[in-house]
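# Descriptive structure summary
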Amino acid sequence: MNLSVKIGRLQLANPVMVASGTFGYGVEYAPLVDLNQLGAVVVKGIRLSAVQGNPPPRTVEVTSGLINAIGLQGPGVDGFIKKYWPFLRSLKTPVIINIWGTTLEEYAEVARRFDELEGVGGLELNVSCPNIKEGGSHFGTDIKLLARVVSACRKATSLPLITKLSPNVVSIVPYAKAAEQEGSDALAIMNSYPAMAIDIETRRPKLANITGGLTGPCIKPIAIKLVWEAFNAVRIPIIGMGGIQSAADAIEFLMAGATAVAVGTANFYEPQTAIQIIAGLREFMQRKGIADIRELTGSVKIERNQAQSRNCA
Amino acid sequence: MTLVRTFSIQMVEETVTIVSNERGPGQYFRLVLRAPGIARMVKPGQFAHLRILPMKEALLRRPFSIFQATKDSISILYKAVGKGTEALSRMCHGEQLSVIGPLGHGFSVPKPEGEFPLLVAGGYGMAALYLLAQCSPVKGIVFVGGRSRIDILCEDEFKALGWDVRVATEDGSHGEKGLVTKPLLAELQRQSNGRKLYACGPTPMLRAVGDIAKSYNVPAEVSMDAHMCCGVGVCLTCVIPVKTPQGWEYQRSCTEGPVFDSSQILWEAIA
């Protein structure tokens, strides 16, 4: 039975990764999770300098989901390399670094810094964080800027490059295509969806940042649709994410067109989720007589007349 | 159960069985869990992160201070106030929960020749201080405050440890009438030299304790009650502004805390 997949030239032992921002720098979960069983670890977003992040309250639980506005608090490139890289380097599982910046030049510089670092598995370009005024999602929701930032990073590194797209666009197709054209090796779909919650007793927003990004099981159907649309438009592999908490969820993403998946918010309430999903994928393949996990990618069955009569409603 | 040591952090995820879940006065409950892995390792001021499966669409774990611990069980005091604690209050003997713990940086235990400990608790904040009183080689004074008689918990347990318990209630229904800081101030007025404060309760109370510690020039450790999400340091929800040589930074209540040195907290930045 084959569970291994390729993201660009990066070979993963299985298609289950943990999503950026939900797994810290790996070390925090090491007492509870065997990190070497994971397909890959994606670390929290890093820019050139250290970032303080937004004031609290930073997260709020909503029905079947979570809204967050952390503001990409982090140690910056140098702090990360000093504090976390020695541990991450010791892992057998590939480590993907999520990077961001406030300017094109900063994105490229961060990419170049990690290109120089021995042992990095790949880079994930964060152009879709909704909680940062400069940088973050404005690169991900302007197609010209997206093309420029992918191109700048492509020139700065030969590492596998994954562009993490925003769901907050009319159609994801032109963004997926632009990232592919500019040399992205893969797409990560999707980041959190812009959202807000209000405390009716105090009439105040529940987040200090007023708005945040929605994640968790409630966004899964949105992500499934975006993965399916992008899969029909590009040839590069897609890493599907958004509300995955079971093997069934992961399989749904694979069938929609994902080559790999990432577990996000579920890590917060069940750190073993990714490990359980890997076991669940094996069990499903066995039950269905599937020899190679790659057979599942994009295997959703859509009748021709169904596709033709489809409209945007 | 997985048990791995990394960077001196010790925690386990255990599926535990409810031994009892008894309702006390008011909406207060006392939950006892058979959790040998956690019970063995817990230190004063640490917490357990409970996944309450019957919550269904409310996904996150809920953090609770560990009140008491035996060789193979831990107990928790809670008030049924929200979705999580409501669902928890309906769970019975024999049902299971997933618990991650023990978590967080707790209180430093008083030394035999060290400062005389004064504990300050607001409401169920008292639960976080019990193990400290139990471990302490010096029997000190515990000041307990609450709105009413019903909010004064585990007074007998502290007395049984041989501690002097001083109660204050806002409505005067038990002990002195007023806030817990009133008897605390009276005691410090009498003697502040060689005293150290340890506090757990609502943030305004902790801030008042911090102010008192500063004015009497005594050290204070406070257990911060921040809204939490992952509990292990990755989500960065529960941050508290803490002073650094360069200014200040956000530190995690679940990892660097929940217990902080009060003089290091940037109180003016906390809403």
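Residues numbered from 1 in each chain as written. Chains lettered and ligands numbered in written order. Predicted model: local features only at pLDDT ≥ 70, side-chain atom pairs only at ≥ 80, totals over all residues.

So, about the overall build of chain A. Secondary structure summary: chain A contains 11 helices and 16 strands in total. In terms of overall dimensions, chain A has a C-alpha envelope of 50 × 50 × 40 Å along the principal axes. In chain A, which comprises 313 residues, the share counted as buried stands at 57%. Taking contacts inside chain A between residues at least 6 apart in sequence as the whole, the part at least 24 apart equals 71%. (Helix = DSSP H or I, 4+ residues; strand = E, 2+ residues; numbered from the N terminus. Buried ≥ 20, exposed ≤ 12 C-beta atoms within 10 Å, placed from the backbone. Contact = placed C-beta atoms within 7 Å.)

What follows is about the overall build of chain B. Along its length, chain B carries 6 helices and 17 strands. Taken against the 2.2 N^0.38 rule, which gives 18 Å for 271 residues, the C-alpha radius of gyration of chain B at 18 Å falls within 12% of a compact globule. On the principal axes, the C-alpha backbone points of chain B span a range of 50 × 45 × 35 Å. Within chain B, the proportion of its 271 residues that are buried is 48%. If you take every contact in chain B between residues at least 6 apart in sequence, the share linking residues at least 24 apart comes to 60%. (Rg over C-alpha atoms; globule rule 2.2 N^0.38 Å.)

Turning to the interface of chain A and chain B, a few remarks are in order. Facing 26 residues of chain A, the contacting portion of chain B comprises 27 residues. Listed by contribution, the elements that provide at least two residues to the side of chain A that touches chain B are strand S5 (59–62) and helix H9 (266–269) of chain A. Of the residues in the side of chain A that touches chain B, the class split is 13 nonpolar, 9 polar and 4 charged. (Nonpolar A, V, L, I, M, F, W, Y, C, P; charged D, E, K, R; others polar.)

Here we take up the packing of helix H5 (residues 181–190) of chain B against helix H6 (residues 203–216) of chain B. A pair of packed helices is captured by two measures, namely the crossing angle of their axes and the spacing between those axes. Residue and element names in this part refer to chain B. Where H5 meets H6, the axes come as close as 11 Å, and the angle between the chain directions of the two elements is 10 degrees. When the axes of H5 and H6 are compared, the pair comes out roughly parallel. Along the contact surface, H5 presents Thr 181, Leu 184, Leu 185 and Leu 188, while H6 presents Ala 208, Ile 212 and Tyr 216. A breakdown of the residues in the contact of H5 with H6 according to their chemical character gives 6 nonpolar, 1 polar and no charged. (Axes fitted to C-alpha atoms, helices over the stretch in contact; angles between N-to-C directions. Parallel < 35°, antiparallel > 145°, perpendicular 65-115°, else oblique.)

Below, the discussion takes up helix H5 (residues 143–156) of chain A. Residues and elements named next belong to chain A. For H5, spanning 14 residues, the distance from its first C-alpha to its last is 20 Å, which sits close to the expected 20 Å at 1.5 Å a residue. Taken together, the buried positions of H5 are occupied by Leu 146, Val 149, Val 150, Ala 152, Cys 153 and Ala 156. All buried residues of H5 lie within an arc of 160 degrees about the axis, which places them on one face of the element. (Expected span 1.5 Å × (residues − 1). Arc of directions from axis to C-beta.)

Attention now goes to the nonpolar core. One finds Leu187(A), Ile189(A), Val227(A), Ile239(A), Val261(A), Leu129(B) and Val209(B) to be the most contacted residues of the largest nonpolar core, which totals 190 residues. Counting only domains with at least three residues in this core, you end up with domain 1 (4–103) and domain 2 (116–269) of chain B. (Core = buried A, V, L, I, M, F, W, Y, C linked by C-beta atoms within 7 Å. Domains from an automatic or database assignment.)

Looking now at the confidence of the model for chain B. Residue and element names in this part refer to chain B. Per-residue confidence for chain B gives a mean pLDDT of 93, with 97% of residues at or over 70. Here residues 1–8 scores under 50 on pLDDT; set against residues more than four positions off or in separate chains, the count is 15 contacts. Taken over the whole predicted complex, pTM reads 0.94, whereas the ipTM for its chain interfaces reads 0.93. (pLDDT = per-residue confidence, 0-100.)

Residues and elements named next belong to chain A. Taken together, 8 strands build a closed barrel; the order of strands is S3-S4-S7-S8-S9-S10-S15-S16 and the barrel is parallel. The average undirected angle you get between the axes of adjacent strands in this sheet is 25 degrees. For strand S3 (residues 16–18) and strand S4 (residues 40–46), the ladder comprises 2 bridges, and the chain directions are parallel. Bridging from a neighbouring strand, Met 17 pairs with Ala 40 of S4. The sheet contacts of helix H3 (residues 104–116) involve S4, strand S7 (95–99) and strand S8 (122–126), and relative to S7 the element is tilted by about 160 degrees. (Pairing = 2+ DSSP bridges.)

It is worth spelling out the domain arrangement of chain B at this point. Much of the literature gives interface size as the accessible area that the parts lose upon coming together. All names here are of chain B. Once the domains are mapped, chain B shows domain 1 (4–103) and domain 2 (116–269). Of note, the centres of domain 1 and domain 2, computed from C-alpha atoms alone, are 21 Å apart. Facing 21 residues of domain 1, the contacting portion of domain 2 comprises 17 residues. Among the elements of the structure, strand S4 (47–51), strand S5 (62–65), strand S6 (68–69), strand S7 (73–79) and strand S8 (96–103) are those that each provide at least two residues to the side of domain 1 that touches domain 2. For the side of domain 1 that touches domain 2, the leading source of residues is S7, giving 3 residues. Here the residues of the side of domain 1 that touches domain 2 sort into 14 nonpolar, 5 polar and 2 charged.

The step from Pro56(A) to Pro57(A) runs through a cis peptide bond, and the omega angle for that step is 0 degrees. Mapped onto the elements, Pro57(A) comes out in the loop between S4 and S5. Across the junction of Gly257(B) and Pro258(B), the peptide omega takes the value 10 degrees, indicating a cis bond. Relative to the elements of secondary structure, Pro258(B) occurs in the loop between strand S16 (247–252) and strand S17 (259–261). Backbone geometry places Ile210(A), a non-glycine residue, at a positive phi of 70 degrees. Residue position: Ile210(A) is located in the loop between strand S13 (204–205) and strand S14 (211–215). Exposure remark for Ile210(A): the 12 C-beta atoms within 10 Å place this residue in the exposed category.

A regular strand carries its side chains on alternate faces of the sheet. Residue and element names in this part refer to chain A. Because side chains alternate across strand S15 (residues 238–241), one face comprises the buried residues Ile 238 and Gly 240, and the other comprises Ile 239 and Met 241, equally buried. Judged from the 3 bridges that link them, strand S10 (residues 186–189) and S15 form a sheet pairing that is parallel. Note that in S15 the partner of Ala 188 across the bridge is Ile 239. In the sheet, S15 pairs with strand S16 (residues 260–263) via 3 bridges, with the strands oriented parallel. Across the sheet, the residue bridging to Met 241 is Ala 262, located in S16. Once the chain exits S15 it traverses helix H8 (residues 247–256) before rejoining the sheet at S16, and the crossover so formed is right-handed. (Right-handed = clockwise from strand over helix to strand, strands pointing away.)

Residues and elements named next belong to chain A. The N-to-C vectors of H3 and H5 enclose an angle of 30 degrees; their axes lie 8 Å apart at closest approach. With respect to their mutual orientation, H3 and H5 come out roughly parallel. Handedness of the H3/H5 crossing: right-handed. The residues of H5 that touch H3, namely those facing Leu 104, Tyr 107, Ala 108, Ala 111, Arg 112 and Asp 115, are Arg 148, Val 149, Ala 152, Cys 153, Lys 155 and Ala 156. Residues of the contact of H3 with H5, tallied by class, amount to 8 nonpolar, no polar and 4 charged. (Left-handed = near helix turned anticlockwise from the far one by under 90°.)

The subject of this paragraph is the environment of Ala186(A). Residues and elements named next belong to chain A. In this fold, Ala 186 is placed in strand S10. Classification of Ala 186 as buried rests on a count of 25 C-beta atoms within 10 Å. When the C-alpha atoms of Ala 186 and Lys 6 are compared, they prove to be 9.9 Å apart, with 180 residues separating the residues in sequence. In this structure, Ala 186 is in contact with Ile 7, Gly 8, Ile 162, Ile 236, Pro 237, Ile 238 and Ile 239, ignoring residues within four places of it in sequence.

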